[in-house]
Amino acid sequence: MLVKRIFSQRLFAFILFCLLGLITFLGIQSLSVKATLATDRVRTEVLNTNSIVEKAKALYEAGQFSEAAKIWQQAANEFAAAGDKLNQASALSNLSLTYQQLGLWNEAKNAIANSISLLNTDSSPLILAQILNIQGFLELSLGQPENALDTLKKAAAAYEKAGDRAGIIANLINQSQAMQALGFYRRAANILEQVETNLLASPDSIIKVTGLLNLGN
């Protein structure tokens, strides 16, 4: 059972990273468009930052978390220097998730707190949802399932606002994990049964595996 739980948590972390990584990339693409009227020097800096993010993603996916953490911090610093708070927040949230993989819990908490502090009411609901999802996963890992469930519900509202169906499914799976940790097995099963039809009809993916694994448990 312990092995299943660890495997499930690893899958959740991967789901969170994949979803947030995509949003970070879209943010960079938007930044590149805005830079078309800037000088060549600024345009080069934008491309360099894009390269840094791709490098960090590749290191994370290869399991080289210590190196990935260094690059995420570098990316966050460069976004901060450019005054791009939204992408800085995304980089910091990815940094938090990487620290979680390393078991560096205090560093993970600081990174996600700094990420959230950069957001405001005008922030992209999709990025807000992903950052809240990472915060909820951290709280669950720290043995704070009540806080995690509350945070994940806030993330769900942001996913609904953004109209991200895949994000909503992943979030519901995470909510079920928090409910299991609280001993609310029937509530967890009810949530998973809500998404079961969508999961069975969807192509094979990590989200599908995670949802069915949790429903089976």
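J.: Go over the packing of aromatic side chains, please, and point to the residues and values.
T.: This model, assessed by the stated rule, comprises one aromatic pair. Taken together, a centroid distance of 5.1 Å and an interplanar angle of 70 degrees make the contact between Tyr60 and Phe65 edge-to-face. The same class applies to Tyr60 as to Phe65, namely buried.

J.: So, the packing of helix α3 (residues 65-81) against helix α4 (residues 85-102): which residues are in play, and what are the values?
T.: With their axes 8 Å apart at the nearest point, α3 and α4 run at an angle of 165 degrees to one another. In this view, α3 runs roughly antiparallel relative to α4, as classed from their interaxial angle. The hand of the α3/α4 crossing is left-handed. Here Phe65, Ser66, Ala68, Ala69, Trp72, Gln73, Ala75, Ala76, Phe79 and Ala80 of α3 come into contact with α4, specifically with Asn87, Gln88, Ala91, Leu92, Asn94, Leu95, Thr98, Tyr99, Gln101 and Leu102.

J.: Any details on the environment of Val195? Residues and values, ideally.
T.: In this structure, Val195 sits in helix α9 (residues 185-201). On the basis of relative accessibility, which here comes to 3%, the residue Val195 falls in the buried class. Residues Val195 and Ile169, 26 residues apart in the sequence, show an inter-C-alpha distance of 6.6 Å. Setting aside residues up to four positions removed in sequence, Val195 forms contacts with Ile169 and Leu172.

J.: I'd like to hear about the confidence of the model for the chain, residue by residue, with values.
T.: Taken over all residues, the pLDDT of the chain has a mean of 77, while the share at 70 or more is 68%. Ranking the helices and strands of the chain by mean pLDDT puts helix α5 (residues 105-117) first, with 96, and helix α1 (residues 2-34) last, with 43. In this model, residues 17-48 is a region of pLDDT below 50 whose contacts with residues beyond four sequence positions or in other chains number 41 contacts.

J.: Pulling in residues and values, what's your account of helix α8 (residues 165-181)?
T.: In this model α8 runs 25 Å from its N-terminal to its C-terminal C-alpha over 17 residues, within 8% of the 24 Å that 1.5 Å per residue would give. Downstream of α8 by a residue or two, Gly183 has a phi angle that is positive, lying close to 85 degrees.

J.: An account of the nonpolar core is needed here, citing residue identities and associated values.
T.: Among the nonpolar cores identified, the biggest contains 29 residues, and Trp72, Ala75, Ala91, Leu95, Tyr99 and Ile131 are the most heavily contacted of them. By residue number, the principal contributor to this core is α3, which donates eight residues. Those residues in contact with Tyr99 that lie beyond four places of it in its chain are Ala69, Leu104, Glu107, Ala108 and Ala111. Membership of the second largest hydrophobic core comes to 17 residues, among which are Tyr159, Ile169, Ile173 and Met179.

J.: Account for the side chain of Asn87, naming residues and giving values.
T.: Checked against the element boundaries, Asn87 lands in helix α4. According to the relative accessible area criterion, Asn87 is buried, its value standing at 4%. A polar contact is formed between the side chain of Asn87 and the side chain of Asp84, at a distance of 2.8 Å.

J.: Outline the environment of Ala76, supporting the account with residue identities and numerical values.
T.: For Ala76, the position within the fold is in helix α3. The spacing of Ala76 and Ser115 is 39 residues in sequence and 9.6 Å in space, taken between C-alpha atoms. Discounting residues that sit within four places of it in the chain, Ala76 has contacts with Gln88, Ala91 and Leu92.

J.: Break down helix α7 (residues 145-162) for me, with residues and values.
T.: With 18 residues, α7 extends 25 Å from end C-alpha to end C-alpha; this agrees with the ideal 26 Å at 1.5 Å per step. Taken residue by residue, α7 has Pro145, Ala148, Leu149, Thr151, Leu152, Ala155, Ala156, Ala158 and Tyr159 as its buried positions. Phi turns positive one or two residues past the end of α7, at Gly163, with a value near 70 degrees.

J.: Lay out the packing of α5 against helix α6 (residues 125-141) with the relevant residues and their values.
T.: Where α5 contacts α6, the axes come no closer than 10 Å and their chain directions differ by 155 degrees. Looking at the two axes, α5 sits roughly antiparallel to α6. Handedness of the crossing formed by α5 with α6: left-handed. From α5, Trp105, Ala108, Lys109, Ile112, Ser115 and Ile116 reach across to α6, where they touch Ile131, Ile134, Gln135, Leu138 and Ser141. Class assignment for the residues of the contact of α5 with α6 results in seven nonpolar, three polar and one charged.

Here is what the cut-offs are and how they apply
- Numbering of residues starts from 1 in each chain and follows the order in which that chain's sequence is written.
- pLDDT decides what is reported in this predicted model: residues at 70 or higher carry local features, side-chain atom pairs at 80 or more are listed and counted, and totals for whole chains, interfaces and linings draw on all residues regardless.
- Where side-chain values are given, they derive from all heavy atoms of the structure, hydrogens and water being excluded.
- We call Phe, Tyr and Trp rings a pair once their centres come within 6.5 Å, taking the six-membered ring for Trp, and we label the pair stacked below 30 degrees between planes, edge-to-face above 60, and tilted otherwise.
- Relative accessibility under 20% of the residue-type maximum defines a buried residue, over 50% an exposed one, and the middle range a partly exposed one, all with a 1.4 Å probe and only protein chains included.
- With axes taken as lines fitted to C-alpha atoms, and helix axes fitted only over the stretch in contact, angles between N-to-C directions fall between 0 and 180 degrees.
- Each helix is a run of DSSP H or I of at least 4 residues and each strand a run of E of at least 2, with the numbering of both proceeding from the N terminus.
- Note on terminology: angles under 35 degrees are roughly parallel, angles over 145 are roughly antiparallel, angles of 65 to 115 are roughly perpendicular, and the others are oblique.
- Helix crossings are classified by the rotation of the near helix relative to the far one: an anticlockwise turn of less than a right angle makes the crossing left-handed, while a clockwise turn makes it right-handed.
- A contact between two residues is defined here by any heavy atoms of the two lying within 4.5 Å.
- Residue-level confidence of the predictor is summarised by pLDDT, bounded by 0 at the bottom and 100 at the top.
- One less than the number of residues in a helix, times 1.5 Å, gives the span that helix is expected to have.
- Residues belong to one nonpolar core when they are buried, are Ala, Val, Leu, Ile, Met, Phe, Trp, Tyr or Cys, and are joined through side-chain atoms within 4.5 Å.
- Under the rule applied, a polar contact is a pair of N or O atoms within 3.5 Å (in protein, one hydrogen donor and one hydrogen acceptor; residues adjacent in sequence only if both atoms are side-chain atoms).
- All amino acids are sorted into three groups, where Ala, Val, Leu, Ile, Met, Phe, Trp, Tyr, Cys and Pro are nonpolar, Asp, Glu, Lys and Arg are charged, and the leftover types, Gly among them, are polar.

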